[in-house]
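# Summary of structural features
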Amino acid sequence: MNFPILKNDLILRVARGEEVDRIPIWVMRQAGRYLPEFRELRSRHDFFTICRTPELACEVTLQPIKRFNLDASIIFSDILVIVQALGMDVEMQPSVGPVISDPLKEPCDLAKLKENVDVHSELGYVFEAITLTRHRLNGQVPLIGFSGAPWTLMCYMIEGGGSKTMSKSKKWLYKYPEESKQLLQKLTDVIIKYMVEQVKAGAQMLQIFESNAEYLNLELFNRFSGPYLSAICTGIKNELKDQSVPMIVFAKGGHYALRELSSFGYEVIGLDWTIDPIQARQIVGDNVTLQGNLDPCALYGSPNQIKEMVHDMKLKFTKQRYIANLGHGIYPDVDPQHLRAMIDAIHE
Ligand code: CP3
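Residues numbered from 1 in each chain as written. Predicted model: local features only at pLDDT ≥ 70, side-chain atom pairs only at ≥ 80, totals over all residues. Heavy atoms only, no water.

## With respect to the pairing of strand S3 (residues 97-100)
Pairing analysis gives 4 bridges linking strand S2 (residues 90-93) to S3, with the strands arranged antiparallel. Directly across from glutamine 93, in S3, lies its bridge partner glycine 97. Remark: 3 residues form the turn of the hairpin made by S2 and S3, two consecutive strands paired antiparallel; serine 95 in that turn has positive phi of roughly 60 degrees. (Pairing = 2+ DSSP bridges. Helix = DSSP H or I, 4+ residues; strand = E, 2+ residues; numbered from the N terminus.)

Put into structure tokens, the structure is as follows:
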């Protein structure tokens, strides 16, 4: 595809465990509502229209890159596009979040899902957005592709939106374990194809979001999350072989499974803010890169406070095998100047 030469490969080198002289940084949800330029564009377009229009998705992806000294970009999209590809109707309602009009209620509802998902016809717009963005980035920083993990996507398909307890989805795990596994495997198969095609379209790194790991425990994780996260990593690397790219697994609230997460083959483990970096490093050993984990709310502090907290984080993670990030996505009411303070403190 003849993409422009990459000028900043810092994050890729850190992911592979190479020695570097400075810490790379990117931020989850770096393209989003805390940026006035995003809110302006969003006021003119529906959320999924932006995702489905490569020109718009590309423009939004580049917004934080133009503003800040970041070391990676992440393609603008959403984890729920896979749920749409499976035939479910998902809307993004302002100040509510995602709403799925006809969620899965009983195992017989699985028959409503599309049988063989052709990722090119259903999700080709994501691949087009990735290719366009790779060109427009002009090699400035790498482009990260992403997907939701099976358990997290299953939750949305059953809850029909957000939930405080995930009790409907967890009911499936206890009441219908075999059908749950069927659904998780179906999602796994689509996710592998989807992420392989993202790389073929130009993604230089991949992150998988298991945002709902916090609702499981180790036993449930080992049955309903871990095996699929492992299969996704292996499946993608087997498919891509020497075209493989570094992969990040972010299991929010999954500190109880850190040891397991470090055994699946992912080069990078993303941490939320609830685990101490020193403890995390002890658990995972020296063969993986850690990413994270500043509390997103820390950005409500003053720039001086942010600087101190970042300094402390850098001391704990050390410079090697570390990618700076927040412990979850940036909140919409954060002052962009405070994100700048975080980025500057990492680069200092
Ligand atoms: O990080 C980036 O800049 C890339 C874009 C991105 C979005 N969503 C854009 C978005 C990414 C990587 C995601 C991932 C995502 N989406 C996750 C995993 C990360 C996490 O937060 O745990 C999840 C669970 C979703 C599902 C989702 N999308 C929810 C629950 C919501 C509503 C909550 C919210 O933040 O509003 C969204 C909406 C969403 N996704 C927005 C953006 C910019 C805001 C929607 C809007 O503009 O109306």
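## Points about the site of the ligand
Looking at the ligand, there are 22 residues lining it, with Arg29, Arg33, Asp78, Ser211 and His328 nearest. In the model, an oxygen atom of the ligand is placed 3.2 Å from a nitrogen or oxygen of the glutamine 30 main chain. Interatomic distance of 3.1 Å between a backbone N/O atom of alanine 31 and an oxygen atom of the ligand. Coverage of the ligand by the protein chains reaches 87% of its 870 Å² of free accessible surface. Where the shell around the ligand is concerned, the elements lending two or more residues are helix H2 (36-44) and S3. Here the residues of the shell around the ligand sort into 13 nonpolar, 5 polar and 4 charged. (Near = heavy atom within 4 Å. Polar contact = N/O pair within 3.5 Å; in protein donor to acceptor, adjacent residues only side chain to side chain. Areas by Shrake-Rupley, 256 points an atom, 1.4 Å probe, with all protein chains shown as cover. Nonpolar A, V, L, I, M, F, W, Y, C, P; charged D, E, K, R; others polar.)

## Thoughts on the layout of surface pockets
In this structure, the largest pocket spans a volume of roughly 1,400 Å³. Lining the largest pocket we find 44 residues, and of these Arg29, Arg33, Asp78, Pro98 and Tyr156 sit closest to its centre. Counting residues per element, the ones that place at least two in the lining of the largest pocket are H2, S2, S3 and helix H7 (150-159). Looking at the lining of the largest pocket residue by residue, the classes come out as 24 nonpolar, 14 polar and 6 charged. Of the pockets and cavities examined, the second largest pocket occupies roughly 180 Å³. Together, Trp273, Ile275, Asp276, Pro277, Asn293, Leu294, Asp295, Met309, Asp312, Met313 and Lys316 line the second largest pocket. Secondary-structure elements contributing two or more residues to the lining of the second largest pocket are strand S8 (289-294) and helix H14 (303-317). Top element by residues in the lining of the second largest pocket is H14. It accounts for 4 residues. Here the residues of the lining of the second largest pocket are counted per class, giving 6 nonpolar, 1 polar and 4 charged. (1 Å grid on protein atoms, 1.4 Å probe; cavity = no way out; pocket = protein on both sides within 12 Å on 5 of 7 lines; lining within 4 Å. Points joined across faces, edges and corners; volume = space filled by probe spheres on them.)

## Observations regarding empty space enclosed by the protein
A complete count under the given rule lists 1 cavity of 30 Å³ or more for this structure. Volume-wise, the largest cavity comes out at about 70 Å³. Lining the largest cavity we find Ala251, Gly253, Gly254, His255, Leu258, Leu261, Ile269, Gly270, Leu271, Asp272 and Ile275. Of the residues contributing to the lining of the largest cavity, the split by class is 6 nonpolar, 4 polar and 1 charged.

## Observations regarding the environment of glutamate 115
Structurally, glutamate 115 can be placed in the loop between S3 and helix H6 (119-137). The exposed category is assigned to glutamate 115, whose relative accessible area is 63%. Distance from glutamate 115 to lysine 186, taken between C-alpha atoms, is 9.0 Å for residues 71 residues apart in sequence. (Buried < 20%, exposed > 50% of the residue type's maximum accessible area, 1.4 Å probe, protein only.)

## Looking at the pattern of salt bridges
Think of it this way: side chains of opposite charge can pair up when their charged atoms draw near. Scanning all chains against the criterion turns up 14 salt bridges. For arginine 13, the salt bridge goes to aspartate 9, with nearest N and O atoms at 2.9 Å. The class for aspartate 9 is partly exposed, based on a relative accessible area of 31%. One salt bridge in this structure joins arginine 22 and aspartate 71, with 2.8 Å as the shortest N-O distance. One end of the pair, arginine 22, is in the loop between helix H1 (10-15) and H2; the other, aspartate 71, is in the loop between helix H4 (54-67) and strand S1 (73-74), with 49 residues separating them in the sequence. Owing to a relative accessible area of 29%, arginine 22 belongs among the partly exposed residues under this scheme. A residue is classified by how much of its surface remains accessible, and aspartate 71, at 0% relative accessible area, is buried. Ionic contacts of the salt-bridge type, sharing partners, join the residues Asp102, Lys105, Asp109 and Lys112 into one network. (Salt bridge = Lys/Arg side-chain N within 4 Å of Asp/Glu carboxyl O.)

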